Amino acid sequence: ALFAASLVGEQGRVIALDTLEPSISRLCEIVRQDGVTNLVGQICDITAPIPLAAHSVDLILLSTVLHIKAVQDHAKEMFSEFRGILRTDGTLAVLECQKAEANFGPPLHLRLSAEDVAELAAPCGFVRSSVTSFEHTYLACFTPGP
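Everything in this summary refers to the structure shown in the same document. (Residues numbered from 1 in each chain as written. Predicted model: local features only at pLDDT ≥ 70, side-chain atom pairs only at ≥ 80, totals over all residues. Heavy atoms only, no water.)

### Considerations on the overall build of the chain
Next, step 1: What the chain contains, in helices and strands, is five helices and six strands.
Next, step 2: The C-alpha radius of gyration computed for the chain amounts to 15 Å, which stays within 12% of the reference 15 Å derived for 146 residues, consistent with globular compactness.
Next, step 3: If you line up the chain on its principal axes, its C-alpha atoms span 40 × 40 × 25 Å.
Next, step 4: Scored against the burial criterion, the 146 residues of the chain give a buried share of 34%.
Next, step 5: Contacts in the chain between residues at least 24 apart in sequence constitute 64% of all its contacts with a sequence separation of at least 6.
Next, step 6: With an accessible surface of roughly 8,400 Å², the chain has 56% of that area assigned to carbon and sulfur atoms.
Next, step 7: Distance between charge centres in the chain, computed from 10 positive and 17 negative side chains, equals 3 Å. (Helix = DSSP H or I, 4+ residues; strand = E, 2+ residues; numbered from the N terminus. Rg over C-alpha atoms; globule rule 2.2 N^0.38 Å. Buried < 20%, exposed > 50% of the residue type's maximum accessible area, 1.4 Å probe, protein only. Contact = heavy atoms within 4.5 Å. Areas by Shrake-Rupley, 256 points an atom, 1.4 Å probe, with all protein chains shown as cover. Lys, Arg positive; Asp, Glu negative; His and termini not counted. Charge placed at Lys NZ, Arg CZ, Asp CG, Glu CD.)

Set out below in structure tokens:
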């Protein structure tokens, strides 16, 4: 979130959402100490309605949480919510671990491939626009379809 805030500059705004109060508290402490004015941390469950206005978000980054079963169980509602708050020309970006054995991250049976993510997002109208593979992770990007 801090890096994103540096990228968007003073004209942009970053909203960091997390269910863990200690994570948001620490982020808010850093924001205050460093005088960051374009970043807000908020405790929020992304599987429930998100308190943001319709079509108000340019980019949603879902970072290494989609493999969590409780999140996957609410995928349809969550992706529908994302579709509602994302601008029509916005992007949904999903960062997940490669679906391969590794000595970190979730066990193989919980990992999702980019194709798996696309299958979860498609019923809510998301169309995959790109996939970038890294050594241990990938970034799949989606746009709201017609």
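The rest of the description comes next.
### Side note on the packing of aromatic side chains
Next, step 1: According to the stated counting rule, one finds two aromatic pairs in the structure shown.
Next, step 2: Ring geometry for F79 against F82: centres 5.9 Å apart, planes inclined by 90 degrees, an arrangement best described as edge-to-face. Of the two residues, F79 and F82 both sit in helix α4 (residues 75–85), three residues apart, roughly one turn of that helix. Each member of the pair, F79 as well as F82, carries the same accessibility label: buried.
Next, step 3: Ring centres of F79 and F126 lie 6.2 Å apart, and the angle between their planes is 65 degrees; this geometry places the pair in the edge-to-face category. Taken as a pair, F79 in helix α4 and F126 in strand β5 (residues 126–133) lie far apart in primary sequence, 47 residues in all. The pair F79 / F126 is uniform in exposure class, with both members buried.
Next, step 4: By the ring-pair criterion, three or more aromatic residues cluster together here, those being F79, F82 and F126.
Next, step 5: Across from the ring centre of F104, 5.7 Å away, lies the NZ or CZ of R111, which sits over that ring. (Phe/Tyr/Trp six-rings, centres within 6.5 Å; stacked < 30°, edge-to-face > 60°. Lys NZ or Arg CZ within 6 Å of the ring centre and 35° of its normal.)

### Focus: the sheet that holds strand β4 (residues 86–97)
Next, step 1: Taken together, four strands build an open sheet; the order of strands is β3-β4-β6-β5 and the sheet is mixed. At either margin of the open sheet sits one strand with a lone partner, and together these are β3 (57–63) and β5. For this sheet, the mean angle separating the axes of adjacent strands, direction not counted, is 20 degrees.
Next, step 2: Pairing geometry for β4 and strand β6 (residues 137–144), over six bridges, is antiparallel. (Pairing = 2+ DSSP bridges. Axes fitted to C-alpha atoms, helices over the stretch in contact; angles between N-to-C directions.)

### Digging into α4
Next, step 1: Of the positions making up α4, those classed as buried are A75, M78, F79, F82 and I85. The buried residues of α4 occupy an angular sector of 125 degrees when the element is viewed end-on, so they sit on one face.
Next, step 2: Of the surrounding elements, those touching the buried residues of α4 are β3, α3 (69–72), β4, α5 (114–121) and β5. (Arc of directions from axis to C-beta.)

### Digging into a nonpolar patch on the surface
Next, step 1: The grouping of F3, L7 and V8 at the surface amounts to a nonpolar patch, some 340 Å² of accessible area in total.
Next, step 2: Looking at the secondary structure, you find V8 in helix α1 (residues 2–8).
Next, step 3: The class of V8 is partly exposed, set by a relative accessible area of 39%. (Patch = residues over 30% accessible without salt bridge, like charges linked within 9 Å, V, L, I, M, F, W, Y side chains within 5 Å. Salt bridge = Lys/Arg side-chain N within 4 Å of Asp/Glu carboxyl O.)

### Some words on the pattern of salt bridges
Next, step 1: Inspection of every chain in the model, using the stated rule, returns five salt bridges.
Next, step 2: R87 serves as the salt-bridge partner of D58, at 2.7 Å between the closest nitrogen and oxygen. Here the residue D58 occupies a position in strand β3, and R87 occupies one in strand β4, the gap between them amounting to 29 residues.
Next, step 3: The residue D73 makes a salt bridge to K69 at a minimum N-O spacing of 3.0 Å.

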